[in-house]
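Inside the fold
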Amino acid sequence: MPRPAAVDLEAAYQASGVGPVLEQLDRELVGLAPVKGRIREIAALLLVDKLRMDLGLRAQPPTLHMSFTGNPGTGKTTVAARMADILHKLGYIRSNHLVSVTRDDLVGQYIGHTAPKTKEILKKAMGGVLFIDEAYYLYRPENERDYGQEAIEILLQVMESRRDDLVVILAGYADRMDRFFGSNPGFRSRIAHHIDFPDYSAGELMAIGERMLAAQSYRFSPAAREAFARYIVARMQQPHFANARSVRNALDRARLRQAVRLFEGRARDLTAEDLMTIDASEILASRVLGAPAA
Amino acid sequence: MRLTQGTFSFLPDLTDAQIGAQVAYCLRNGWAVNLEFADDPHPRNTYWEMWGQPMFDLKDPAAVMYELAACRKVHGGRAYIRLSAFDATAGWESLRLSFITDRPAEEPGFGLERQEAGGRNIRYTARSYAANKPVGERY
Ligand SMILES: Nc1ncnc2c1ncn2[C@@H]1O[C@H](COP(=O)(O)OP(=O)(O)O)[C@@H](O)[C@H]1O
Ligand SMILES: [Mg+2]
């Protein structure tokens with residue numbers, strides 16, 4: 001088959017269907033401007049690479065393994081799932097599935113347990129994306145007999161020799177990932193894209209919370225919105241703050257309190273409005289805002 | 001003598017691309033795929049050694065090709081390797097597809113022995129030449 005003399009980038013972009021995925025990412029995820037920017041760059045690079053390959057300009061497929069660094073609840077897992085979609089649309093992986101694991105899924109308890117466990121996970125992820133959360137737990141330098149090393153070796157080998165079959169995304173806290181890469185240069189050299197996930201601002205967390213509620217057909221009363229804004233600022237100062245995840249957990253508890261309130265006032269009829277609305281009392285009952293433990 | 005067991009055995013050996021396409025078909029149907037090997041080709045030797053566990057919940061044939069490559073590294077050219085696919089939708093695992101992916105470099109075939117029994121009866125025994133040698137030296 002003769003090679004085309006020219007390629008149509010716009011047509012290739014339209015045909016890939018990646019545009020709507022990027023727009024959806026923009027629309028559905030609050031904030032994350034640097035992450036979205038990097039993903040656009042990667043998508044552009046991959047699209048252009050595909051066209052270059054079509055023109056015979058380059059034979060080697062690009063390395064796609066990535067690392068996502070950031071604090072808990074900053075959207076790493078969520079974005080990884082979107083990444084699988086993007087890579088699938090661009091034709092770099094064959095299915096858009098994400099297998100999300102941590103150390104315990106890969107590393108065994110006794111001699112001979114680790115290799116089959118790691119390989120089993122790798123096989124399940126093949127064709128798609130393997131997401132390894134808190135990847136640094138694989139490496140325990142304080143224990144020289146640690147089976148994590150065995151998992152690391154198999155991973156490195158597959159990341160290199162099976163680049164067409166699977167994309168690996170490593171995730172975790174930035175400083176720990178840095179140290180992990182420092183002591184495992186094999187990973188560093190196999191990872192093409194490092195993306196850093198910033199913490200959310202209070203305003204962004206508020207917007208995330210409202211979106212989470214809307215997605216479940218709930219909404220704040222005006223007083224509740226004001227209380228939740230105060231809640232976020234207070235929660236950010238406390239230990240174990242986990243960005244959007246803390247928001248999700250707080251809203252889950254608020255829904256529970258709302259249900260209890262409605263249940264206790266069940267003598268009167270409820271409107272859809274009643275069933276949808278989170279009141280200030282549901283937020284103010286939180287210990288974060290100084291309410292006594294229930 | 002070419003061993004003819006399982007599907008496709010009267011065709012030329014499948015290429016890796018063709019094996020991958022068969023696996024893709026199995027996975028699309030939700031079947032679990034399994035690799036086995038044997039160095040005793042007798043047709044009644046139905047229980048071959050398993051290469052690892054049966055593979056469930058795979059999304060892509062590359063996973064099976066990865067194991068097949070590992071199995072070949074150990075047994076390639078010195079044993080038969082077959083791929084089987086099992087369907088559990090009925091509540092039990094039933095075999096849907098089974099074919100030989102790899103065979104030894106040389107297949108010496110079978111000798112037919114006739115035992116003369118009482119009343120001019122003949123009892124037949126098929127004996128594979130390879131299985132006359134000890135395990136590990138057969139191919
Ligand atoms: N930018 C965002 N916009 C909307 N929801 C978000 C955003 N970031 C995270 N979330 C939500 O917060 C929760 C935690 O996110 P997750 O991706 O698991 O974070 P991480 O993997 O970094 O710990 C998920 O329920 C996710 O949907
Ligand atoms: Mg996560």
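Computed from a predicted structure; not experimentally measured.

Each value, and the rule that gives it
Residues numbered from 1 in each chain as written. Chains lettered and ligands numbered in written order. Predicted model: local features only at pLDDT ≥ 70, side-chain atom pairs only at ≥ 80, totals over all residues. Heavy atoms only, no water. Contact = heavy atoms within 4.5 Å. Buried area = accessible area lost by both parts, 1.4 Å probe. Salt bridge = Lys/Arg side-chain N within 4 Å of Asp/Glu carboxyl O. Polar contact = N/O pair within 3.5 Å; in protein donor to acceptor, adjacent residues only side chain to side chain. Helix = DSSP H or I, 4+ residues; strand = E, 2+ residues; numbered from the N terminus. Nonpolar A, V, L, I, M, F, W, Y, C, P; charged D, E, K, R; others polar. Near = heavy atom within 4 Å. Areas by Shrake-Rupley, 256 points an atom, 1.4 Å probe, with all protein chains shown as cover. 1 Å grid on protein atoms, 1.4 Å probe; cavity = no way out; pocket = protein on both sides within 12 Å on 5 of 7 lines; lining within 4 Å. Sits in = over half its atoms within 2 Å of the grid points. Domains from an automatic or database assignment. Core = buried A, V, L, I, M, F, W, Y, C linked by side-chain atoms within 4.5 Å. Buried < 20%, exposed > 50% of the residue type's maximum accessible area, 1.4 Å probe, protein only. Phe/Tyr/Trp six-rings, centres within 6.5 Å; stacked < 30°, edge-to-face > 60°. Lys NZ or Arg CZ within 6 Å of the ring centre and 35° of its normal. Expected span 1.5 Å × (residues − 1). Axes fitted to C-alpha atoms, helices over the stretch in contact; angles between N-to-C directions. Parallel < 35°, antiparallel > 145°, perpendicular 65-115°, else oblique. Left-handed = near helix turned anticlockwise from the far one by under 90°. Pairing = 2+ DSSP bridges.

A common measure of how large an interface is: the accessible area buried when the components associate. Across the contact, twelve residues belong to chain A and twelve residues belong to chain B. Across the interface of chain A and chain B, roughly 1000 Å² is buried in total on both sides, 59% from carbon and sulfur atoms. Counting across the interface, chain A meets chain B through two salt bridges. Residue A:Arg94 is joined to B:Asp60 by a salt bridge in which the shortest nitrogen-to-oxygen separation is 2.5 Å. At the junction of chain A with chain B, the criterion picks out two residue pairs in polar contact (both at pLDDT 80 or more). Those elements giving two or more residues to the side of chain A that touches chain B turn out to be α6 (114–125) and α7 (148–161) of chain A. Per element, the largest residue contribution to the side of chain A that touches chain B is three residues, and it comes from α6(A). Each residue belonging to the side of chain A that touches chain B can be placed in one class, and the counts come to three nonpolar, three polar and six charged.

Residue and element names in this part refer to chain A. Around ligand 1 there are 18 residues in total, and Thr77, Thr78, Tyr200, Arg245 and Arg248 lie nearest to it. Contact between ligand 1 and Tyr200: a nitrogen atom at 2.7 Å from a side-chain N or O atom of the residue. Separating an oxygen atom of ligand 1 from a side-chain N or O atom of Arg245 is a distance of 2.7 Å. Coverage of ligand 1 by the protein chains reaches 87% of its 560 Å² of free accessible surface. With respect to the detected pockets, ligand 1 is housed in the largest pocket. Mapped by element, the contributors of at least two residues to the shell around ligand 1 are α4 (76–89), α10 (202–215) and α12 (243–264). Split by residue class, the shell around ligand 1 holds eight nonpolar, six polar and four charged. Counting contributing residues, the shell around ligand 1 receives three or more from each of domain 1 (63–197) and domain 2 (202–289).

Among soluble globular proteins, nonpolar side chains are generally buried collectively. Among the nonpolar cores identified, the biggest contains 55 residues, and A:Ile39, A:Phe68, A:Leu87, A:Ile169, A:Phe220, A:Phe228 and A:Ile283 are the most heavily contacted of them. Sort the elements by how many residues they give to this core and helix α3 (residues 33–54) of chain A lands first, with seven residues. Each of domain 1 (63–197) and domain 2 (202–289) of chain A gives at least three residues to this core. Sequence-distant contacts of A:Phe68, that is, excluding residues within four places in its chain, are made with A:Lys76, A:Val79, A:Ala80, A:Met83, A:Phe131, A:Ile169, A:Leu170, A:Ala171, A:Gly172, A:Ile195 and A:Phe197. Judged by nonpolar contacts, the second largest core, of 53 residues, contains A:Met159, A:Phe187, B:Leu14 and B:Val33.

A few words now on the pattern of salt bridges. With the rule as written, the count across this model stands at 28 salt bridges over all chains. As a salt-bridge pair, A:Glu120 and A:Lys124 come within 3.3 Å of each other at their nearest N and O atoms. Separated by four residues within a single helix, A:Glu120 and A:Lys124 lie in helix α6, roughly one turn from each other. Notably, a salt bridge pairs A:Asp274 with A:Arg268, separated by 3.4 Å at the nearest N-O pair. Through salt bridges with shared partners, a single network forms among A:Arg94, A:Arg162, A:Asp165 and B:Asp60.

Here we take up the packing of aromatic side chains. A complete count under the given rule lists eleven aromatic pairs over all chains for this structure. Ring centres of A:Phe68 and A:Phe197 lie 5.1 Å apart, and the angle between their planes is 45 degrees; on these two criteria the pair is classed as tilted. Here the residue A:Phe68 occupies a position in strand β1 (residues 66–70), and A:Phe197 occupies one in strand β5 (residues 193–197), the gap between them amounting to 129 residues. Like A:Phe197, A:Phe68 is buried. Here the aromatic rings of A:Tyr136 and A:Tyr137 are separated by 5.4 Å at their centres, their planes lie at 70 degrees, and the arrangement is edge-to-face. Taken together, the ring pairs in this structure connect A:Phe180, A:Phe181 and A:Phe187 into an aromatic cluster. The ring centre of A:Tyr92 lies 4.2 Å from the NZ or CZ of A:Lys50, which sits over that ring. Between the NZ or CZ atom of B:Arg82 and the centre of the ring of B:Trp48, over which it lies, the distance is 4.2 Å.

Right, let's talk about helix α2 (residues 62–75) of chain B for a bit. The end-to-end C-alpha distance of α2(B), which contains 14 residues, comes to 19 Å, matching closely the 20 Å that a straight helix rising 1.5 Å per residue would cover. Buried within α2(B) are the following residues: B:Ala62, B:Ala63, B:Val64, B:Met65, B:Tyr66, B:Glu67, B:Leu68, B:Cys71 and B:His75. In this structure, the buried side of α2(B) is in contact with α6 and α7 of chain A together with α1 (16–28), β1 (32–38), β3 (80–87) and β4 (94–102) of chain B. Note on α2(B): the residue one or two positions beyond its end, B:Gly77, has a positive phi of about 80 degrees.

The next subject is the packing of α10(A) against helix α11 (residues 222–236) of chain A. When two helices pack together, you describe them by how their axes are tilted relative to each other and by the distance separating the axes. All names here are of chain A. Between α10 and α11, the shortest axis-to-axis distance is 10 Å and the interhelical angle comes to 125 degrees. With respect to each other, α10 and α11 are oriented oblique. Here the hand of the crossing between α10 and α11 comes out right-handed. Contacts from Ala202, Leu205, Met206 and Glu210 in α10 reach Arg225, Phe228, Ala229, Ile232, Val233 and Met236 in α11. Tallied by class, the residues present in the contact of α10 with α11 amount to eight nonpolar, no polar and two charged.

Let us now look at the sheet that holds strand β3 (residues 129–133) of chain A. All names here are of chain A. Taken in spatial order, the five strands of this open sheet run β2-β3-β4-β1-β5, and their pairing is parallel. With one partner strand each, in any of the chains shown, β2 (98–101) and β5 form the two edges of the open sheet. Neighbour-to-neighbour, the strand axes of this sheet turn through a mean angle of 20 degrees, independent of strand direction. Sheet topology places β1 next to β5; five bridges connect them, and they run parallel. Counterpart to Phe68 in the pairing with β5 is Ile195.

Residues and elements named next belong to chain A. For chain A, the assigned domains are domain 1 (63–197) and domain 2 (202–289). Using C-alpha coordinates to define each centre, domain 1 is positioned 35 Å away from domain 2. Each partner contributes residues to the interface: domain 1 has four residues there, and domain 2 has four residues. Summed over both partners, the interface of domain 1 with domain 2 buries about 290 Å², with 46% contributed by carbon and sulfur atoms. Contact with domain 2 buries area across many residues of domain 1, yet Pro72, Gly73 and Thr74 alone supply 91% of it, more than any other trio. Taken together, the links from domain 1 to domain 2 amount to zero salt bridges. Our enumeration of links across domain 1 and domain 2 arrives at two residue pairs in polar contact (both at pLDDT 80 or more).

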